[in-house]
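Below are the chains, spelled out letter by letter.
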Amino acid sequence: MNKKTIRVVAAVICDNSNEEKRIFATARGYGEYKGWWEFPGGKIEAGETPQEALIREIREELTAKIAVGDLIKTIEYDYPEFHLSMDCFWAEVESGQLELKEAEDARWLTASTLNDVKWLPADQELIEIIEKGKI
């Protein structure tokens, strides 16, 4: 049986203003993975590019406007109920503040604190890439 594929985007929002680079992560506020951590983003709607979807999703979920950078990787992950195809991009806050509208928690993480939270399975692969020196 073929699983339904869900296409989403995720932002690895960076803050380079400190000596140690930080990235922004959010904790899910709903569903089976409530309390697990992820990079913010969401579904790509019809007619949107991944970058447009990411800008819209971050504005809806976190109120800030972001500048989308390079594609880090497209992660393909099989959850029990569906297949996830997640385009992951570097991003920075362009204007506004990151305010939680949907997530139950958020924090800035550094390379040394990336594993202090419980990541969603699909996001774990991205953590491994970031840990290999790309943060």
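Residues numbered from 1 in each chain as written. Predicted model: local features only at pLDDT ≥ 70, side-chain atom pairs only at ≥ 80, totals over all residues. Heavy atoms only, no water.

**With respect to the environment of leucine 62**
In this fold, leucine 62 is placed in helix α1 (residues 50-62). Owing to a relative accessible area of 2%, leucine 62 belongs among the buried residues under this scheme. As a C-alpha pair, leucine 62 and alanine 111 span 49 residues in sequence and 23 Å in three-dimensional space. In this view, leucine 62 contacts Ile13, Phe24, Thr26, Pro40, Glu57, Gln97, Leu98, Glu99, Leu100 and Lys101; residues no more than four positions away in its chain are not counted. (Helix = DSSP H or I, 4+ residues; strand = E, 2+ residues; numbered from the N terminus. Buried < 20%, exposed > 50% of the residue type's maximum accessible area, 1.4 Å probe, protein only. Contact = heavy atoms within 4.5 Å.)

**So, the pairing of strand β6 (residues 82-95)**
Of the strand pairs in this sheet, strand β1 (residues 4-15) and β6 are connected by eleven bridges, and their pairing is parallel. Each residue of the ladder has a partner; that of valine 12, found in β6, is tryptophan 90. Counted along the chain from strand β5 (residues 65-78) to the antiparallel partner β6, the turn is three residues long. (Pairing = 2+ DSSP bridges.)

**Focus on the side chain of serine 85**
Here serine 85 is to be found in strand β6. Exposure remark for serine 85: the relative accessible area of 8% places this residue in the buried category.

**Quick notes on the nonpolar core**
The biggest cluster of nonpolar side chains holds 28 residues, and the ones touching the most others in it are Val12, Ile23, Phe39, Met86, Trp119, Leu126 and Ile130. Those elements that place two or more of their residues in this core are β1, β2 (22-27), β5, β6 and α2 (121-134). For methionine 86, the contacting residues outside a window of four places in its chain are Val8, Ala10, Lys73, Thr74, Ile75, Ala122 and Asp123. Counting twelve residues, the second-largest nonpolar core is a separate cluster that includes Val9, Ile44, Ile58 and Leu62. (Core = buried A, V, L, I, M, F, W, Y, C linked by side-chain atoms within 4.5 Å.)

**Things to note about the packing of aromatic side chains**
Inspection of every chain in the model, using the stated rule, returns six aromatic pairs. Ring centres 4.7 Å apart and planes at 65° place the aromatic pair tyrosine 77 and tyrosine 79 in the edge-to-face group. By relative accessible area, tyrosine 77 is classed as partly exposed at 28%. On the accessibility criterion, tyrosine 79 (5% relative accessible area) is buried. A network of ring pairs unites the aromatic residues Tyr33, Trp36, Tyr77, Tyr79 and Phe82 as a single cluster. In this structure, lysine 21 packs its charged tip against the face of tryptophan 90, placed 5.0 Å from the ring centre. (Phe/Tyr/Trp six-rings, centres within 6.5 Å; stacked < 30°, edge-to-face > 60°. Lys NZ or Arg CZ within 6 Å of the ring centre and 35° of its normal.)

**Side note on the pattern of salt bridges**
Two side chains bearing opposite charge may form a pair once their charged atoms approach each other closely. For the coordinates displayed, the defined rule picks out ten salt bridges. Residues arginine 28 and glutamate 38 are paired through a salt bridge, measuring 3.2 Å at the closest nitrogen-oxygen approach. Of this pair, arginine 28 sits in the loop between β2 and β3 (37-38) while glutamate 38 sits in strand β3, and the two are ten residues apart along the sequence. Classification of glutamate 38 as buried rests on a relative accessible area of 15%. Its salt-bridge partner being glutamate 48, residue arginine 56 comes within 2.6 Å of it at the nearest N-O pair. Owing to a relative accessible area of 12%, arginine 56 belongs among the buried residues under this scheme. Within the structure, one salt-bridge network assembled from shared partners comprises Glu45, Glu48, Arg56, Glu57 and Glu60. (Salt bridge = Lys/Arg side-chain N within 4 Å of Asp/Glu carboxyl O.)

**Some thoughts on unusual backbone geometry**
Residue threonine 63 is not a glycine yet carries a positive backbone phi of 65°. Note on placement: threonine 63 falls in the loop between α1 and β5.

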